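Analysis of the macromolecular model
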Amino acid sequence: MASGAHVFDVVVEGADAAAFVAAIECARIGLRVAVIPGSVPDPFVPRSFSNHGGIIAGLCDEFSVAYTVHDVPVQELVIAGVPANPFSASVRDAVGWRGAWRIYADRLLPLLSIGNDENFGEVASKRLGKRVVAKFVAPWVRAQLGVSDLNIAMVDIAPGLSQAMSRVGSLTAGVLELVADDPRWAQSISVMGGTEALLAALRERMEYFAVQTPSEKVISKITSTVTIDSARASDEAPTWERAIVRARELATEARAFVLSDPGKPPVGPIDLAR
């Protein structure tokens, strides 16, 4: 890599937890890394998280951020805007008894042929009805996940839901099946100090590993061996849980590409405190 204040091994675009994780994964082995906002809008910051997969809990543990885990009663459980209980108070408040019965009808409809790539918006509309999607599913997804467009693969908004639906024959029963497979779906995580406390811990770790955050004036002068522009939460990985998994994968690919350069000397973990 050529010398220069604006030359980096890896540039990561984004300003959310996933982008920060990608930057840390690259910087911790000694690569020169910069994080820039890019052209993306301000990131969505969730207030709480599902504990499925243990992804957020694992991230908090890794960066020493305190959190609490709460059990969500199955009668009140909603996953990706799909209620486990069609007649819960939140459902009836949003769509009334008529909408609640329409959701219940999902369990009586013939099973659709679906796969991992099935469009979530289309499946939800067919199974629950367009009115329910407009008044309950879409607002829930927008408020809890920051996703405004349901034109997204089911695997990206609720991993395993397609398979669960196929096994039990309906979308709402598929929610219950997810919980049977991984009870952590019925748990929520609240970060002590709010989500900003987690972001602050990630920023602190980036600073420790000398990740740079160049000013807007010099961003146009930056060059890099690799640019990671899809580690942040996006249409391909809309939830923080999904985006963080993707960020680690992209960081691994970026590290391998940079270190494949025969002219690049080997690097290892760095400790700026020494």
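Keep in mind it's a predicted model, so treat the numbers as computed, not measured. (Residues numbered from 1 in each chain as written. Predicted model: local features only at pLDDT ≥ 70, side-chain atom pairs only at ≥ 80, totals over all residues. Heavy atoms only, no water.)

1. Remarks on the pairing of strand S2 (residues 33-36)
Going residue by residue along S2, you find Val-33 and Val-35 tucked away on one face and Ala-34 and Ile-36 tucked away on the opposite face as well. Following the chain from strand S1 (residues 7-13) across helix H1 (residues 17-27) to the adjacent parallel S2, one finds a crossover that is right-handed. (Buried < 20%, exposed > 50% of the residue type's maximum accessible area, 1.4 Å probe, protein only. Helix = DSSP H or I, 4+ residues; strand = E, 2+ residues; numbered from the N terminus. Right-handed = clockwise from strand over helix to strand, strands pointing away.)

2. Some details on the environment of Gly-174
If you trace the backbone, Gly-174 turns up in helix H8 (residues 171-181). Counting along the chain gives 95 residues from Gly-174 to Ile-79, while the straight-line C-alpha distance between them is 9.8 Å.

3. Brief notes about the sheet that holds strand S7 (residues 187-191)
A sheet is described by the order of its strands in space; here 3 strands give the open sequence S3-S7-S4, paired in antiparallel fashion. Strands with a single pairing partner mark the edges of an open sheet, and in this sheet they are strand S3 (49-50) and strand S4 (67-71). The pairing of S4 with S7 spans 5 bridges and is antiparallel. Directly across from His-70, in S7, lies its bridge partner Ser-188. (Pairing = 2+ DSSP bridges.)

4. Comments concerning the pattern of salt bridges
When charged atoms on two side chains of opposite charge get close, those side chains can pair. Per the counting criterion, the structure on display carries 11 salt bridges. Asp-181 serves as the salt-bridge partner of Arg-167, at 2.5 Å between the closest nitrogen and oxygen. Here the residue Arg-167 occupies a position in helix H7 (residues 161-168), and Asp-181 occupies one in helix H8, the gap between them amounting to 14 residues. Residue Arg-167 is classed as partly exposed on the basis of its relative accessible area of 47%. (Salt bridge = Lys/Arg side-chain N within 4 Å of Asp/Glu carboxyl O.)

5. Observations regarding the side chain of Asp-9
If you trace the backbone, Asp-9 turns up in strand S1. Of the residues examined, Asp-9 reaches a relative accessible area of 2% and is grouped as buried. In this structure the side chain of Asp-9 is engaged in a polar contact, spanning 2.8 Å, whose partner is the backbone nitrogen of Arg-32. (Polar contact = N/O pair within 3.5 Å; in protein donor to acceptor, adjacent residues only side chain to side chain.)

6. Some details on the packing of helix H3 (residues 89-104) against helix H5 (residues 130-145)
Helix-helix packing is characterised by the crossing angle of the two axes and by the distance between the axes. Taken N-terminus to C-terminus, the directions of H3 and H5 make an angle of 160°; their axes are 10 Å apart at the nearest point. Considering their axes alone, H3 and H5 lie roughly antiparallel with respect to each other. The hand of the H3/H5 crossing is left-handed. Packed against H3, whose contacting residues are Ser-90, Val-91, Ala-94, Val-95, Gly-99, Arg-102 and Ile-103, the element H5 presents Arg-131, Val-132, Lys-135 and Phe-136 at the interface. Along the lines of polarity and charge, the residues of the contact of H3 with H5 split into 6 nonpolar, 2 polar and 3 charged. (Axes fitted to C-alpha atoms, helices over the stretch in contact; angles between N-to-C directions. Parallel < 35°, antiparallel > 145°, perpendicular 65-115°, else oblique. Left-handed = near helix turned anticlockwise from the far one by under 90°. Contact = heavy atoms within 4.5 Å. Nonpolar A, V, L, I, M, F, W, Y, C, P; charged D, E, K, R; others polar.)

7. Concerning the environment of Phe-87
Relative to the assigned elements, Phe-87 resides in the loop between strand S6 (82-83) and H3. With 10 residues separating them along the chain, Phe-87 and Trp-97 place their C-alpha atoms 7.6 Å apart. In contact with Phe-87, not counting residues within four places along its chain, are Arg-92, Trp-97, Ala-100, Trp-101 and Tyr-104.

8. Description of the packing of aromatic side chains
Any two aromatic rings considered together are summarised by their centre-to-centre distance and by the angle between their planes. According to the stated counting rule, one finds 6 aromatic pairs in the structure shown. Judged by centre distance (5.9 Å) and plane angle (35°), the rings of Phe-87 and Trp-97 are tilted. Taken together, the residues span a long stretch of sequence, with Phe-87 in the loop between S6 and H3 and Trp-97 in helix H3 at a distance of 10 residues. Using a relative accessible area of 51% as the deciding quantity, one classes Trp-97 as exposed. Centroid distance Phe-87 to Trp-101: 4.8 Å. Interplanar angle 70°. Geometry classified as edge-to-face. Placement of the pair is Phe-87 in the loop between S6 and H3 and Trp-101 in helix H3, with a sequence separation of 14 residues. Using a relative accessible area of 22% as the deciding quantity, one classes Phe-87 as partly exposed. One aromatic cluster is present, formed by Phe-87, Trp-97, Trp-101 and Tyr-104 through successive ring pairs. (Phe/Tyr/Trp six-rings, centres within 6.5 Å; stacked < 30°, edge-to-face > 60°.)

Such coordinate-based values are descriptive only and should not be taken to indicate function.
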